[in-house]
Amino acid sequence: MVALLVLIRVLGPDGSDAGDGAAAVTGATPAQRDESPVEVATPPITAEADAACPALMSQLPLDLVGDPSRRVASDSPYAYAWGDPATTLVCGIDQPVVPPDGLLVTVTDLTWWVDTSDPTVNVWRTVGRQAAVELRIPASTDGAAAAVLGPLIVGAIPAA
């Protein structure tokens, strides 16, 4: 019904252009999504990953802090990417061994070990989950992706 009213308003009751007072329907072409795949290295799939990661992967957003999802080139179904430069997520990594001087950060009830040793990317790894998750965030951006994804990880992957 609403669509019919819109068409009548735009086209006029007889199907011709409504002319005066009718809103013109225009629009810009949306930006093209980057269809090139993001290469993501993944570890061998473990029983822990198969048990926990599907629940997380099914909840991941199509857009992450304004960045659209990207295709992933990976041997694992537990990898995902957004944006350019890409933020990548891998579920089912080896449990991290946090060094004594490692930076631990708790964001939205999830503890992460953050490795900032690479000047191009900050690597966030979950601590204390049955399956560990790694989030690689370009150093040129903030950690908002971790704040957005944290509640999804907490809800999908039980604490160890």
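Here, every reference points to the structure presented above.
### Focus on the state of the cysteines
Okay, step 1: Per the counting criterion, the structure on display carries one disulfide.
Okay, step 2: At a sulfur-sulfur separation of 2.1 Å, the disulfide partner of Cys53 is Cys91. Its S-S torsion of approximately -85° makes the covalent link between Cys53 and Cys91 left-handed. Taken together, the residues span a long stretch of sequence, with Cys53 in helix H2 (residues 47-57) and Cys91 in strand E6 (residues 87-93) at a distance of 38 residues. Comparing Cys53 with Cys91 shows no difference in burial state: the two are buried.

### Observations concerning unusual backbone geometry
Okay, step 1: Cis geometry marks the peptide bond from Asp84 to Pro85; its omega dihedral reads 5°.
Okay, step 2: By the secondary structure assignment, Pro85 is in the loop between strand E5 (79-82) and E6.
Okay, step 3: A positive phi angle, close to 45°, is found at Val65, a residue other than glycine.
Okay, step 4: Tracing the sequence through the fold places Val65 in the loop between strand E2 (63-64) and strand E3 (67-70).
Okay, step 5: Here the phi dihedral of Asp109 falls at roughly 65°; this positive angle occurs in a residue that is not glycine.
Okay, step 6: Note that Asp109 resides in the loop between strand E7 (103-107) and strand E8 (110-115).

### Considerations on the nonpolar core
Okay, step 1: Judged by nonpolar contacts, the single largest core of 27 residues is most densely connected at Leu56, Leu89, Cys91, Trp112, Leu135 and Ile157.
Okay, step 2: Elements represented by at least two residues in this core include exactly H2, E5, E6, E8, strand E10 (132-138) and helix H3 (144-156).

### A look at the pairing of E8
Okay, step 1: In the sheet, E7 pairs with E8 via five bridges, with the strands oriented antiparallel. Pairing of Leu104 across the sheet is with Trp113, part of E8.
Okay, step 2: As consecutive antiparallel partners, E7 and E8 are separated by two residues, and within that stretch Thr108 has a phi angle of approximately 45°, a positive value.
Okay, step 3: Relative to strand E9 (residues 121-126), E8 runs antiparallel, the two being bridged by four bridges. Its bridge partner lying in E9, Val114 is registered against Trp124.
Okay, step 4: Between E8 and E9, which follow one another and run antiparallel, lie five residues.

Conventions adopted
- Residues numbered from 1 in each chain as written.
- Predicted model: local features only at pLDDT ≥ 70, side-chain atom pairs only at ≥ 80, totals over all residues.
- Heavy atoms only, no water.
- Disulfide = S-S within 2.5 Å.
- Helix = DSSP H or I, 4+ residues; strand = E, 2+ residues; numbered from the N terminus.
- Buried < 20%, exposed > 50% of the residue type's maximum accessible area, 1.4 Å probe, protein only.
- Core = buried A, V, L, I, M, F, W, Y, C linked by side-chain atoms within 4.5 Å.
- Pairing = 2+ DSSP bridges.

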